[in-house]
Every structure is written in C-alpha cells, then in structure tokens.
Amino acid sequence: MAKFQEMGEVISQVCLCPGIFDLTIKAPQIAAEAGCGQFVAVYSKDAAHLLPRPISLCRINRQAGTIRLVYRVAGYGTDEFSRLAAGDSVRVFGPLGTGFFLSDKKAMIIGGGIGVPPLLETAAALSRRGMRRENIQIVLGYRNECFLKDEFEQFGTVYIATEDGSTGVKGTVIDAINANRLSADVIYSCGPAPMLRALKAYSEEKGITCYVSMEQRMACGIGACLACVCNSTEKDGHSQVNNKRVCADGPVFNAKDIVI
Amino acid sequence: MAKFQEMGEVISQVCLCPGIFDLTIKAPQIAAEAGCGQFVAVYSKDAAHLLPRPISLCRINRQAGTIRLVYRVAGYGTDEFSRLAAGDSVRVFGPLGTGFFLSDKKAMIIGGGIGVPPLLETAAALSRRGMRRENIQIVLGYRNECFLKDEFEQFGTVYIATEDGSTGVKGTVIDAINANRLSADVIYSCGPAPMLRALKAYSEEKGITCYVSMEQRMACGIGACLACVCNSTEKDGHSQVNNKRVCADGPVFNAKDIVI
Amino acid sequence: MSINTSVNIAGVTLKNPVTVCSGTFGSGMEFVEFTDLEKLGAVTTKGVASVPWAGNPVPRIAETPSGMLNAIGLQNPGIDVFCERDIPFLKNFDTKIIVNVCGHSTEEYVDVVKRLADQPVDLLEINISCPNVKEGGIAFGQKPEAAYDITKEVKKYAKQPVIMKLSPNVTDITEMARAVEDAGADAVSLINTITGMKIDINRRTFALANKTGGLSGPAIRPVAVRMVYQVAQAVKLPIIGMGGITCAEDALEFILAGATAVAVGTANFADPFTAVRVAQGIEEYMIRQGVKDINELIGAVR
Amino acid sequence: MSINTSVNIAGVTLKNPVTVCSGTFGSGMEFVEFTDLEKLGAVTTKGVASVPWAGNPVPRIAETPSGMLNAIGLQNPGIDVFCERDIPFLKNFDTKIIVNVCGHSTEEYVDVVKRLADQPVDLLEINISCPNVKEGGIAFGQKPEAAYDITKEVKKYAKQPVIMKLSPNVTDITEMARAVEDAGADAVSLINTITGMKIDINRRTFALANKTGGLSGPAIRPVAVRMVYQVAQAVKLPIIGMGGITCAEDALEFILAGATAVAVGTANFADPFTAVRVAQGIEEYMIRQGVKDINELIGAVR
Ligand SMILES: Cc1cc2nc3c(=O)[nH]c(=O)nc-3n(C[C@H](O)[C@H](O)[C@H](O)COP(=O)(O)OP(=O)(O)OC[C@H]3O[C@@H](n4cnc5c(N)ncnc54)[C@H](O)[C@@H]3O)c2cc1C
Ligand SMILES: Cc1cc2nc3c(=O)[nH]c(=O)nc-3n(C[C@H](O)[C@H](O)[C@H](O)COP(=O)(O)OP(=O)(O)OC[C@H]3O[C@@H](n4cnc5c(N)ncnc54)[C@H](O)[C@@H]3O)c2cc1C
Ligand SMILES: Cc1cc2nc3c(=O)[nH]c(=O)nc-3n(C[C@H](O)[C@H](O)[C@H](O)COP(=O)(O)O)c2cc1C
Ligand SMILES: Cc1cc2nc3c(=O)[nH]c(=O)nc-3n(C[C@H](O)[C@H](O)[C@H](O)COP(=O)(O)O)c2cc1C
Ligand code: FES
Ligand code: FES
C-alpha cells in the first residue's frame, strides 16, 4: 500500500481537555489512502529527537484532504505538537499499519483512554457502510474527562465507564458492558493493555471476534526494523518466530492471534 | 562585570543584503551593562545544537533596553536566527568579553566584512563622548555590498574599499587608507585575520595604538573552558602561558599584545 | 561534467558509494514502495542466522539525544526463508546485495556462509560486533584473536568477498582491523553500535527490557569518523563507513576520512527517504566542487 | 517533608550530589558572578599539572549533534599559581573542593599530589583518561596495569581521598574500575570524553587542529549511564557519574544506575545556570516522589 511523506499544513488545533489535543492537518495524499485503525508517523522539528511519534488517525476527510489526530501530551514530541497552530507545518508519513477489517456484524466499539480516538473513524466507517445505529454500540472508558464522546453519538449509542464514576458506570469498559447488558458479534477495540487483555478473555468466553489495536515503541514504523513486536500465538509467516510487527502486521490484530 | 541570561523578545529583523541580517532584541539587563566591542552568546532552540553563537553588539540602546545584532548566515545557528520575527523570543547571554577602550585621540575605525557591525556602536560611542566628526575616520572594507555604510556617516567620514571596486577604492582597507592619505593616533578594528594582521603591521610601522577584535570558536564564552585562545606576545597572567582567552581577555586586544 | 560515482569493494563495483546499515532497512521490501532501490550502490540486509531467532523482549528501542538505543536481539527468520524470499526479491533490482550474517558460534556463522555459497549475493558482511545478544558475537568482536579466528574460518567457506563488521566497543579499533586483515578479510565495515543504557526515572526501571542496547544515530558520528580514519591509516582494506549518517555532508566526512563506501542506518527511521537523498547529494557535492571521480575523495583528508 | 540530599564520597560529605566536570567550569571564578557556588555539593577544578601547559593549537572545539568535541590539550597555569590563586578563591565558599590532576608521567602526577598535600582541598581527582594529549595520560587510562600502578603511586603521597577518573575508550570499563579499586583508589569518576573526529568537508580538513578530540555532551549520556551501571555492579567504590547531564532527570539516571554524586559538564556551556538547576531539580524530584533520603536512590535500578 502506498505511503507518503507530506509537509502537512496545520488547519486547526484545539485542546479538548487538559493534556488532550485535537489536531487537523492537510495531508491529501495520506488522507486519500488511509483507513480506520491506521496511523501516521509524526516527526519532531528538533534534530535531537530522531524517531517519529506514531499517532492514530481519529478522522480522515478525503474530500478536504485532511487528517485529524487526537493525542495526549506524553513527553517531548507530543508537547511540541501541542504548540502547533493553524498555518504551521508538520512532517507526517503514512498511512501506516493494518487497520480494522470491518464486518457487517453487530458491533461493539470499545475504547479506553487515549485509545478512544482511532475508534471515531471506525464508528464513522461502519456508519458510512450503512450499518444501523443500533448495531453500533460504543463503549468508552475514561479516567474522568469524556473527550470525543459527543461525536460518537452521531454513529451509535454511547455507553461510558469512568474510573471515578463521574460519568456513566464507575469502573472499566467491562463493567459498562455488563451493566448495560450489551452483546455483539464483533468487537473493535483500542486502549491500554489490561483492557485489551480483558477484552480478549471476554471475547473468547463469548466466542466472538475481537479486534484489538496495539501499541509498541517504534523506530521505522514500516516493518523493517523489528523494534515493535508483540508475541503471536502461532509462528508468524514473515518473522518465522512467534513475533508480529505492531507497525506493519498491526496495530490492529485479531485478539486470538496475539498474546496480550 | 555582571552577565545576564535573558529570553529576549525580537523587536524586529530585516535583511540588509543577501545573507546579512539585522536583528533587534529586547534584552534590557544586557543593554544596561554592555559597551562597544562586547558580544552576546545567542542560543539555538534546537536541542542538537548545544553551543552558543557569539555575535557582537552592533548597537546598544539602553533607553529602549534593546540590543542590535548584525550577522551573516554562516551555518545552522545563524540560519535559525535569520528566521526569527518580531514577537519571537531568543535566549541571549551577556554582555560578554572585553570591548574597546576608547581614547580621545584621533581615531581610525576600520572594519572588514562581517567585522563591520561592532564598529557602529564604537563610532557612536566616540561620537557620544564628544569626539568631533573629523577625528572619527571610518574605513570599511567589503566584498561588494556596503551594508551599514549609511549609518556610519552620521558619526564620521566614511571611506570604502571593495574587492570588486564597485564602491570606493578597489582593494583592501589598507588600500583605502593609502588612497585617502588617512592618518590617526589610534585604530579600532574588526575583521578577518589577514586584515587585522595587516593593521597590526601598519600600526607598528606608524607607531600608533591599534585595537583589534578577534574571533575564535567558543564553548563557554566566559573564560572558563580555554577553547578560544589566541597567542599572546608575553606570558599571560591568567593562563601563565602565551595564551589569551578571546572571550574574556578579548575579543578586543591591543594588537601589540597578541600574535595574529 | 561527466562524473564517476562508482566504487570498488573487494572486486565488486557499486554504482555509487551508498548502501544501508544492516538491520535498519529489512531486506528493502518495506522501503521499495516509496524508494528506488536502484538508486543505491547496494542493499545490506538485516543479520541472518542459520535458524530463526526470536530476539529480545520489548521495549526494544529508546530514543536518546540525537540517537537511539536498540536491543532487537537479532530477530531473524533464518537462512532458509531468507534464501527463498529475500534474495529473489532483491534480485529484481539493479543493485548489489550485501548479506549480513550473525551467529552464536563459529559453526553457526559457517553454516550461513556455506548456505550462501551458491546464492546470487555480492558480498557477505560478518557481524562480529552486535553487543545485544550474549552469544551474538560479542566475544568475536572485542578480542583481536577471536576476530582473527572467525575471519579465517569464514573465509574458508565463503564464495563471496567477506566484509568484517567491527565493533566500536574496544580500546583500539586498529588492532581489530589488523587482526581481520591478517586473517584474510576482503573489507571492513564500521562502526556497529556503542553499548548504552537509558533509565526511566519515573518508573525507576531500564528503558529497554534488555537493560543495555546499542547506541546509533548522529550522536555517535564523531566516534565513527574517528575510527574510520584510524582504520584507514592502519590497514589497506576498503572500508564501509557508517554511524549517524543523515545527509550527503555526513557521508562525505566518512569518505574523506577513508571510507570507500558508506551506509545509512538510523536516519532511515527519521526520514525513510534518506539513503537515496544521500546518494544524490554526494553527486551534487562533486559537481559543486568539480570532483570528477569519487575515488579522489576517498581518504583525501589526512 | 524534610529530605536529606547529602552524600558521602570516601568520607567527605557533599551537601548535595552535584558537582561540575573538570575543565568545564574553570575554578568557578568565571561562574561566580551569576552562580551561587554554595548551591553545589562540590566544585571540581580544571586539570592542573606540575608546571604550566600551553595546550593545543586552535580550533580546539567543534560542535557535533547533541555534543561537542574538545582538544584543549589540558592548558593549565601549573600547580603553583593554582595554589596561590584558585584554592584561596574557592575557600571563600561553603562547598567542597575537588582538584583534578593531570600529568605527562607518574612523576608529574606525584609532584602535583605532593604539592596539594598541605592544601585545604577535599578530594583529588586523577585524570588518567584525557585522550587529547599524547602523553597526557592515555596509556594510564587504557591499560588496567598502568591504571593500577599510577593509582598505587598517587595513593602513597595523597593526603586527601583519591578519585580515579576513568576513560570510556576501553573494551571493558569494569576491568579498569577493578584495577584502580585493587590499587587503593577511594572513588572513581566516569566518564571522561570519547575520542572523536569531525571533518570540514568544504575546506577538506579536520575541524580540530589536533585532528581528534573528546566527545562530550548529551550524545554520550547513554554510554556514560551504561558504564556507571557496569562499574557499580563491579566494584564497591563510590562513583561520581558524568557525561551529558543537562537537567535533574539526566542526573537521576546516573544516581539510579549507581552514582553517589554527579557532575555537570558540557551543559554549562549550553546554559551556564545548569549545575545549580540540577541540584534544585533533584530535590524537587525527591519531594514529588516522596524520597526522604537521596541515598535510597543510589543504585536503585538493577
Ligand atoms: C500505533 C500507535 C498509535 C498511537 N496512537 C496514539 C493516538 O492516537 N493518540 C495518542 O495520544 N497516542 C498515541 N500513541 C502513543 C504515542 O505514540 C506516544 O504517546 C508518543 O509517541 C509519545 O511521544 P512523546 O515524544 O510525547 O513522548 P516521549 O516519552 O518523549 O517519547 C520518547 C520515545 O518513546 C516513544 N513512545 C513514548 N510513549 C510511547 C507509547 N505509549 N507508545 C509508543 N511509543 C511511545 C516515542 O514515540 C518516542 O520515540 C500511539 C502509539 C502507537 C504505537
Ligand atoms: C567574539 C565574536 C563575535 C562575533 N560577532 C559576529 C557578528 O557580529 N556578526 C557575525 O555575523 N558573526 C560574528 N561572529 C561569528 C559568528 O559567531 C559565527 O559566524 C557563528 O557562530 C556561526 O554559527 P552557525 O551556527 O551559523 O555556523 P556553524 O558552522 O553551524 O557553527 C558551528 C559551530 O562553530 C562555531 N562557529 C562557526 N563559525 C564561527 C566563527 N567564524 N567564529 C566563531 N565560532 C564560529 C559556532 O559558534 C558553532 O559553535 C563572531 C564571532 C566571535 C567569536
Ligand atoms: C534497529 C537496528 C538494528 C540493527 N541490526 C543490525 C544487524 O542485524 N546486524 C548488524 O551488523 N548491525 C545492526 N545494526 C547496526 C547498524 O547496522 C549500524 O552499524 C549502526 O546502527 C550505526 O549506524 P547508524 O548510526 O547510521 O544507525 C542495527 C542497528 C539498529 C539501529
Ligand atoms: C572543554 C572541556 C575540557 C575538559 N577538561 C578536562 C580536564 O581538564 N580534566 C578532566 O579530567 N576532564 C576534562 N574534561 C572532561 C569532562 O570533565 C567530562 O568528563 C566530560 O566532558 C563528560 O561530561 P559532559 O558530557 O557532561 O561534558 C573536559 C571536557 C570538556 C568539554
Ligand atoms: S517499528 Fe520498525 S518494525 Fe515496527
Ligand atoms: S570560550 Fe571558554 S574560555 Fe573562551
């Protein structure tokens, strides 16, 4: 699949809540190729910081030629990105990785924390393909601030879990699923490893397909350096060992194929 | 003497001619302390570029609390500085070094190339101290573009030498001195080493005092690291060897004290 | 002006002096979508062993100032799959193939070298310097006698010219270069990564699961240039220089210091278009400076 | 919360673990105008020899990615002027004094150490590792036997505890640390600079008049942290860690890796206020993380 490096013009950036930023970049070649669950590599302008920062696509607007990234300030790079303003430029490379394979089955979209953003494009894509609202169940887990929640509501019913109980169910996304007695045939998920591990167990118990989007430290972002592996349940065809590359074989995997 | 680190606000920047920039920065503490012939250390924002860039003070405006730097784009740092615009900030440290000791004797101010800028404050300072125009003879040598020439004219008579003969005498500042039959009791000079070497010889021949402003690669800029030495004719009191520190003992030296 | 950019490494002509560092470019497959491999003098592949290796646990990398640490642990699919898949892939392109070889023991190196004997590859690069895996060659690369022995052994079976890849984690790099020269190496490449460590002060743990990793990137370039210069003064072998090359100017430092060819590594991560740009930039420099033959530049600063 | 930041190096108590790297801070005179020396655990002075040394020709320094090369060549005014001028100056401040000593030969080292015997200095740091001057100690710092011998000799005459400063330009740093421990060293400091080179491709010459220089700055931090960790596992001596420290977070990497104290070097050039800020930042980290005693952090990551 084609990949492009673009000097993206920043269209806008807003702060959604403390530490969470919402950045829209003009990057028409990437936007034209990208799908939900894929990510881009974003580069720092500082010569001392060499490695790209992988950030998932939160929305893709092919017509406008823009991509939208929602991210948390976690360190040097994301802090630098958070200072970008309309008119600035930022180097991006993508689209990278293997995103979500969408099925027409009744879906649960499950996001946790900073894993929520890539699921917005996923929900939109399901909706665009004609899936009815009631088959798009959206379960979002947060510490407290429920960023992006309102935008999800246009695509399906949103169920919230918060750690502090300030919105929705107090607890995890699993608590929210149980409390709302939700069921589905397929899960699309992204979030912290413990959440994904719980969802893998849950989906195996229920006998349903579960897609998880994984995170790992990356160098090349395109499958060449073998920095970003996760363990696979079976021997991987490319690596000939039980390792898959999150950046190329993933970030989205069928939960059954990997060890979380 | 006190030194200050300031996050200077850029007041203005203009391009004087291709590759030569004129930057005015608000740095009131530095402006209050500085004198002609001193310099500041200017820092890159890029973490990969650690060392400060020494740039001489072209003008000092105590009232406005500003300093003016005129510099040539020579590499990474000066290129970065050349992109600064009004409202940006830049880290500066100074004032550094030992500047010109001004006397009331008939003066020749001699600048070559990018050595011209620090002499503007020198001419202004002589003028401010009441020296008459006819005793401030200004000899400037350029490749071709005569930047800052007009500003010098307010303080004294300006004689030009250009390599290509496009303005004034074709040749060096020595050629301009000879062609205009200039004489003086003291020389204040700054420019490339061959020019300073010629002036040292000239002043020795004429038996007049000659101050030269030297350049050397610097790390600390304050006399601590011994990176920036030049050879001294006599054993130096601080170093106990025939080395003087350009950043602390200079950049301005009495030509008789050093080997050029 | 017609200029010559081709160089000769042990009888193999590279159309230009630029290749990539083993381990930073896979076998080129992932780069081919957006890079023209034929613009490179050679492609150097990720280290391959006699059998598949699983490598180290994650995190395998960490960013450091102007550099990075890696402890991939030489994960590789083994020589069989490599011969079936990677070599045929690379044969589609008009560029030379340098295969990087690793092993836990002399026997394992020799196995791979024998297996490659009838393969259409141009040069072998023997990694005796990977500092990540306990048995991954650290002993061979840090003792002149061991480097001599492995070179001798590999040369017995190699059908292609042999490049010995040197580790910078030694007191005297020239001693290592002389040892492999004496043992019959056809060329040397340097430097591999410098062993480093990063600590996460908030989690109070090592940034890498392996604790230590190999430092690469622009941070190490001055060390690499110094070692290339020293080796160029010490031996007659052609040198492939690497360590922190990000642009043509960096590559030229190595060539002027004595490298016949250069390799782009970590910079491929900072910008996947780097290697091709370096090759172009060298040509531009030659035109600008009126240099007709790249060979005039090799070792020109002394 | 009352916290303890003081550490003990061979019986000498530093009020906090932060000092400066020899050669980057003069004797503090140039920094005192804008820095409060009393905020530092100790001041470490520029290497001093038995007689004045003129050092190397210029250019003596060059910038490199996240680092710099220096080949000052140990210019120094000699021990006599040092005792008359620099020690009395430093005695005005409530901080410890570490005097860095260099020499061309064992005799020269011993001369300086003897001369310092009756001086009010707290610790001696013996630079056996400067890679710039041919006779400036390179042999002592790169061979365990030589390091052992010089340590033994210096210890015979030293009236203050002796810190041996190790060179990173070795195959195995633990071997060097063990050698100086066996010879009776009271502490070690590491790392000195890594030998490097830069070439000016436009002028086709070396960036430094001395050709090679010592690489320092953030670029080398991962190598320094690794070596401090290795040495901490290998010997019982207290360690002063250095190499690329720019902020408290960097300093804490060294402390967690096993350093009892740390030194700020090249970062003083990038920002002359760094050393004091590092000391403050360590205290802030301790408060933030609820660490009552800095000694709990020393070597806490294993
Ligand atoms: C496929 C993928 C998609 C991601 N999508 C998003 C997203 O949509 N929104 C978002 O907020 N974050 C996302 N992340 C995490 C994001 O990449 C890191 O938070 C970011 O790289 C941190 O960089 P920094 O410079 O701010 O932090 P630093 O700690 O300064 O980074 C230092 C180095 O560590 C790497 N790193 C640090 N944290 C992580 C991490 N959690 N995962 C991978 N590498 C890391 C950086 O890339 C960099 O190389 C994603 C990660 C992956 C792998
Ligand atoms: C006391 C003093 C006053 C100066 N005043 C002026 C001035 O008023 N206007 C002006 O245009 N230039 C001046 N210079 C020269 C100026 O410092 C250099 O041109 C500038 O540092 C180049 O930095 P760079 O990052 O653009 O180049 P790079 O080549 O990228 O710099 C790399 C390193 O080399 C050093 N360096 C490069 N060239 C020189 C040089 N000629 N002298 C000293 N260090 C150098 C830089 O400081 C930096 O550390 C002065 C130099 C000194 C020593
Ligand atoms: C992620 C990564 C993987 C590497 N894998 C190998 C390898 O398999 N074999 C090898 O000889 N060198 C390997 N190296 C070392 C590089 O080939 C090269 O020698 C080193 O990185 C210095 O060059 P650079 O600074 O341009 O990256 C690897 C380096 C990196 C960063
Ligand atoms: C300009 C300069 C001069 C130095 N002079 C000395 C010296 O005289 N004696 C010594 O033992 N180390 C000397 N060093 C090495 C430093 O003390 C320190 O070990 C090294 O720079 C690593 O620390 P850093 O990266 O924080 O600078 C010098 C370093 C620099 C940059
Ligand atoms: S980051 Fe290089 S293989 Fe995934
Ligand atoms: S630059 Fe440090 S002494 Fe002059």
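For the structure, see preceding data.
Nothing here was measured: the structure is a model prediction, and the numbers come from that model. (Residues numbered from 1 in each chain as written. Chains lettered and ligands numbered in written order. Predicted model: local features only at pLDDT ≥ 70, side-chain atom pairs only at ≥ 80, totals over all residues. Heavy atoms only, no water.)

J.: Give a detailed account of the packing of helix H5 (residues 173–182) of chain D against helix H6 (residues 221–234) of chain D, specifying residues and quantitative values.
T.: All names here are of chain D. Close contact between H5 and H6 brings their axes to 9 Å; oriented N to C, the two are set at 45°. By the angle between their directions, the pair H5 and H6 is classed as oblique. Both H5 and H6 take part in a crossing whose hand is right-handed. Mapping the contact onto sequence places Ile173, Thr174, Ala177, Arg178 and Glu181 in H5 and Met227, Gln230, Val231 and Ala234 in H6. Classifying every residue of the contact of H5 with H6 by side-chain character gives five nonpolar, two polar and two charged. (Axes fitted to C-alpha atoms, helices over the stretch in contact; angles between N-to-C directions. Helix = DSSP H or I, 4+ residues; strand = E, 2+ residues; numbered from the N terminus. Parallel < 35°, antiparallel > 145°, perpendicular 65-115°, else oblique. Left-handed = near helix turned anticlockwise from the far one by under 90°. Contact = heavy atoms within 4.5 Å. Nonpolar A, V, L, I, M, F, W, Y, C, P; charged D, E, K, R; others polar.)

J.: Describe the site of ligand 4, and please don't skip the residues or the numbers.
T.: All names here are of chain D. What surrounds ligand 4 is a group of 23 residues, the closest being Ser22, Lys165, Gly217, Gly244 and Thr266. At 2.7 Å, a backbone N or O of Ser22 approaches an oxygen atom of ligand 4. The contact in question runs from an oxygen atom of ligand 4 to an N or O atom on the side chain of Asn127, over 3.2 Å. Here the shell around ligand 4 is composed, by residue class, of six nonpolar, 15 polar and two charged. (Near = heavy atom within 4 Å. Polar contact = N/O pair within 3.5 Å; in protein donor to acceptor, adjacent residues only side chain to side chain.)

J.: Explain the side chain of Ser27 of chain D to me, and be specific about the residues and the numbers.
T.: All names here are of chain D. Tracing the backbone shows Ser27 in the loop between strand S3 (18–20) and strand S4 (42–44). By relative accessible area, Ser27 is classed as buried at 7%. Among the polar contacts listed, one links the side chain of Ser27 to the side chain of Asp86, at a separation of 2.7 Å. Residues in contact with Ser27, not counting those within four places in the same chain, are Val43, Thr45, Phe82, Asp86, Phe89 and Leu90. (Buried < 20%, exposed > 50% of the residue type's maximum accessible area, 1.4 Å probe, protein only.)

J.: Give a description of the sheet that holds S4 of chain D that names residues and reports values.
T.: Residue and element names in this part refer to chain D. If you trace the eight strands from one edge of the open sheet to the other, you get S3-S16-S15-S10-S9-S8-S7-S4, paired in parallel fashion. The outermost strands of the open sheet, each flanked by one partner alone, are S3 and S4. Between one strand and the next, the sheet's axes are offset by a mean angle of 25°, whatever the strand orientation. Strand direction decides the pairing type here: strand S10 (residues 187–190) and strand S15 (residues 239–242), joined by three bridges, are parallel. Bridge assignment links Leu190 to a residue of S15, and that residue is Gly241. Relative to S3, helix H9 (residues 274–289) is tilted by about 165°, and along the sheet it contacts S3 and strand S16 (261–264). (Pairing = 2+ DSSP bridges.)

J.: Give a description of the packing of H6 of chain D against helix H7 (residues 248–257) of chain D that names residues and reports values.
T.: Residues and elements named next belong to chain D. Across the interface, H6 lies against H7 with an axial gap of 8 Å and an inter-helix angle of 20°. Judged by the inter-axis angle, H6 sits roughly parallel to H7. Handedness of the H6/H7 crossing: right-handed. Contacts from Arg221, Ala224, Val225, Val228, Tyr229 and Ala232 in H6 reach Asp250, Glu253, Phe254 and Ala257 in H7. Classifying every residue of the contact of H6 with H7 gives seven nonpolar, no polar and three charged.

J.: Hey, could you go over the packing of aromatic side chains for me, with residue numbers and the actual values?
T.: Scanning the entire structure with this criterion turns up 26 aromatic pairs over all chains. For the ring pair Phe93 of chain A and Phe273 of chain C, a centre distance of 6.3 Å and an interplane angle of 85° mean the geometry is edge-to-face. Of this pair, Phe93 of chain A sits in strand S7 (residues 89–96) while Phe273 of chain C sits in the loop between helix H8 (267–270) and helix H9 (274–289), placing the two residues on different chains. In this structure Phe93 of chain A comes out as buried when scored by relative accessible area, which is 1%. (Phe/Tyr/Trp six-rings, centres within 6.5 Å; stacked < 30°, edge-to-face > 60°.)

J.: Break down the nonpolar core for me, with residues and values.
T.: If you look at the biggest cluster of nonpolar residues, it comprises 298 residues, and the most contacted ones within it are Ile126, Leu190 and Ile282 of chain C together with Ile126, Leu190 and Ile282 of chain D. Among residues more than four places away in sequence, those in contact with Leu190 of chain D are Leu166, Ile173, Met227, Val228, Val231, Ile239, Ile240, Gly241 and Met242 of chain D. Counting 33 residues, the second largest nonpolar core, distinct from the first, contains Val116, Phe147, Phe152 and Tyr211 of chain B. (Core = buried A, V, L, I, M, F, W, Y, C linked by side-chain atoms within 4.5 Å.)

J.: Now, about the interface of chain D and chain C: what can you tell me, with residues and values included?
T.: Taken residue by residue, the interface counts 41 residues in chain D and 41 residues in chain C. Both sides together, the interface formed by chain D and chain C hides about 3600 Å², and carbon and sulfur atoms give 64% of it. Of all residues in chain D, Met197, Ile201 and Arg204 of chain D bury the most surface against chain C, accounting for 19% of the area lost on that side. The interface formed by chain D and chain C holds 16 residue pairs in polar contact (both at pLDDT 80 or more) in total. Those elements that provide at least two residues to the side of chain D that touches chain C are strand S11 (194–197), strand S13 (205–206), strand S14 (212–216), H6, H7 and H9 of chain D. The dominant element in the side of chain D that touches chain C, judged by the number of residues it contributes, is H6 of chain D, at six residues. When grouped by side-chain class, the residues that make up the side of chain D that touches chain C number 22 nonpolar, eleven polar and eight charged. (Buried area = accessible area lost by both parts, 1.4 Å probe.)

J.: Please set out the pattern of salt bridges residue by residue, giving values where relevant.
T.: Residue and element names in this part refer to chain A. Summed over all chains, the structure comprises 54 salt bridges over all chains. With a shortest N-O distance of 3.0 Å, Arg128 and Glu121 are connected by a salt bridge. Take Arg128: its relative accessible area is 51%, and that puts it in the exposed class. Given a relative accessible area of 1%, Glu121 falls into the buried group. When salt bridges that share partners are traced, they join Asp22, Arg68 and Glu151 into one network. (Salt bridge = Lys/Arg side-chain N within 4 Å of Asp/Glu carboxyl O.)

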